Amino acid sequence: GEDVEQSLFLSVREGDSSVINCTYTDSSSTYLYWYKQEPGAGLQLLTYIFSNMDMKQDQRLTVLLNKKDKHLSLRIADTQTGDSAIYFCAERGTGRRALTFGSGTRLQVQP
Amino acid sequence: SAVISQKPSRDICQRGTSLTIQCQVDSQVTMMFWYRQQPGQSLTLIATANQGSEATYESGFVIDKFPISRPNLTFSTLTVSNMSPEDSSIYLCSAPTEPNYGYTFGSGTRLTVV
């Protein structure tokens, strides 16, 4: 079945860039997503990328997709303390409407 | 984008009892999804709820334990039945409320079973 993997933890200093990585196994993935979860809150959609794209930029966020290697990354420029949260990547395969989520990466931003 | 209102936001329940979680969407959606997020874990899909038909459950989840209702295109409930401490989790509903991208989530229900 589908599998999505992420590293569990990332610590950066305020003002630096953060790069969160994700790998997936489903070659039929159509859309890939990044969600943010703050403590005690639900999931907030940050950005998404369609599988025929290799990059998408949205303000401080840059998503890179290497479809050959099934690797997705999220770069946050000028990371702020308010960016501290858990970041989930998720994928949606062809013919499957529900999302499959990675394990989540806890981003800690140090002042 | 659409908004999903989920309630209750949290509850502490006695083992052996049941809790019903409600999700209301501010627009019509064909499918709704229910997920469980165990402490420190990722999201696991419980079932897909379609209006007018029985929910489709994922492996490891059964209707007797997690009955779902979907009476119309804007509302769904998930019941956690005969609860045990192992059911302590965050339960989230979701719907594909934006065409071709972006699934919106409710704010989650944090359930503690004692």
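Note: the structure precedes this text.
To start, this report covers the structure provided alongside it. (Residues numbered from 1 in each chain as written. Chains lettered and ligands numbered in written order. Predicted model: local features only at pLDDT ≥ 70, side-chain atom pairs only at ≥ 80, totals over all residues. Heavy atoms only, no water.)

## Comments concerning the overall build of chain A
Short version of the rule: Numbering of helices and strands runs from the N terminus; a helix is a DSSP stretch of H or I covering at least four residues, while a strand is a stretch of E covering at least two. This radius of gyration counts C-alpha atoms alone. The globule rule is 2.2 Å times how many residues there are, raised to the power 0.38.
The helix and strand inventory of chain A stands at zero helices and eleven strands. Counting from the amino terminus, helix and strand elements in chain A follow one another as β-β-β-β-β-β-β-β-β-β-β. Computed over C-alpha atoms, the radius of gyration of chain A comes to 13 Å, within 12% of the 13 Å expected from 2.2 N^0.38 for 111 residues, which places it in the range of a compact globule. Dimensions of chain A along its principal axes, counting C-alpha atoms only, are 45 × 30 × 20 Å.

## Here's the deal with the interface of chain A and chain B
One widely used convention gives an interface's size as the accessible area the parts lose upon coming together. Heads up, the condition is: Contacts are assigned to residue pairs with any non-hydrogen atoms lying within 4.5 Å of each other. The buried area of a pairing is the accessible area, by a 1.4 Å probe, that goes missing from both parts when the two are put together, added over both. We define a salt bridge as a side-chain nitrogen of Lys or Arg found within 4 Å of a carboxyl oxygen belonging to Asp or Glu. Here a polar contact means two N or O atoms within 3.5 Å. Within protein one must be a hydrogen donor candidate and the other an acceptor candidate, and residues neighboring in sequence count only if both atoms are side-chain atoms. Any residue that is not Ala, Val, Leu, Ile, Met, Phe, Trp, Tyr, Cys, Pro, Asp, Glu, Lys or Arg is counted as polar, Gly included; the first ten are nonpolar and the last four charged.
Tallying the contact residues gives 19 residues for chain A and 20 residues for chain B. Contact with chain B buries area across many residues of chain A, yet Leu43(A), Arg97(A) and Phe101(A) alone supply 31% of it, more than any other trio. For the pair chain A and chain B, the number of links is zero salt bridges. For the pair chain A and chain B, the number of links is six residue pairs in polar contact (both at pLDDT 80 or more). Broken down by secondary-structure element, the contributors of at least two residues to the side of chain A that touches chain B are strand 4 (29–37), strand 5 (43–50) and strand 9 (85–93) of chain A. Its residues assigned to classes, the side of chain A that touches chain B shows eleven nonpolar, five polar and three charged.

## A short note on the sheet that holds strand 7 (residues 61–66) of chain A
All names here are of chain A. Using the following cut-off: Pairing between strands requires that DSSP locate at least two bridges from one strand to the other. Structural elements are reduced to axes, namely lines fitted to C-alpha atoms, with helices fitted over the stretch in contact, and the angle between N-to-C directions of any two is expressed from 0 to 180 degrees.
The five strands lie next to each other as 1-3-8-7-6, forming an open sheet whose pairing is antiparallel. The two strands at the open ends of the sheet, each matched to only one other strand, are strand 1 (4–6) and strand 6 (55–58). Strand-to-strand twist of the sheet, defined as the mean angle between neighbouring strand axes without regard to direction, takes the value 15°. Sheet topology note: the strand 6/strand 7 ladder contains four bridges and is antiparallel. The residue bridging Met55 from the neighbouring strand is Leu64, located in strand 7.

## Brief notes about the sheet that holds strand 1 (residues 4–7) of chain B
Residues and elements named next belong to chain B. Taken in spatial order, the four strands line up as 1-3-8-7 in an open sheet, and their pairing is antiparallel. Sheet topology places strand 1 and strand 7 (68–72) at the edges, where each strand pairs with a single neighbour. Looking at each pair of strands side by side, their axes are set apart by 15° on average, direction ignored.

## A look at the pattern of salt bridges
Residues and elements named next belong to chain A. Heads up, the condition is: Three exposure classes are used, based on accessible area relative to the maximum for each residue type with a 1.4 Å probe and protein chains only: buried under 20%, partly exposed in between, and exposed over 50%.
A full pass over the atoms with the stated rule returns three salt bridges over all chains. Between Lys68 and Asp69 there is a salt bridge, with its nearest N and O atoms 3.6 Å apart. With a relative accessible area of 46%, Asp69 lands in the partly exposed category.

## Structural notes on the state of the cysteines
All names here are of chain A. Going by this rule: Throughout, disulfides are identified as pairs of cysteine sulfur atoms within 2.5 Å of each other.
Summed over the entire model, instances satisfying the criterion amount to two disulfides over all chains. Two residues share a disulfide in this structure: Cys22 and Cys89, whose sulfurs sit 1.9 Å from each other. As the torsion about the S-S bond is roughly 65°, the Cys22-Cys89 disulfide counts as right-handed. Here Cys22 is found in strand 3 (residues 18–24), whereas its partner Cys89 is found in strand 9, with 67 residues between them in sequence. Across this residue pair, the class does not change: Cys22 and Cys89 are buried.

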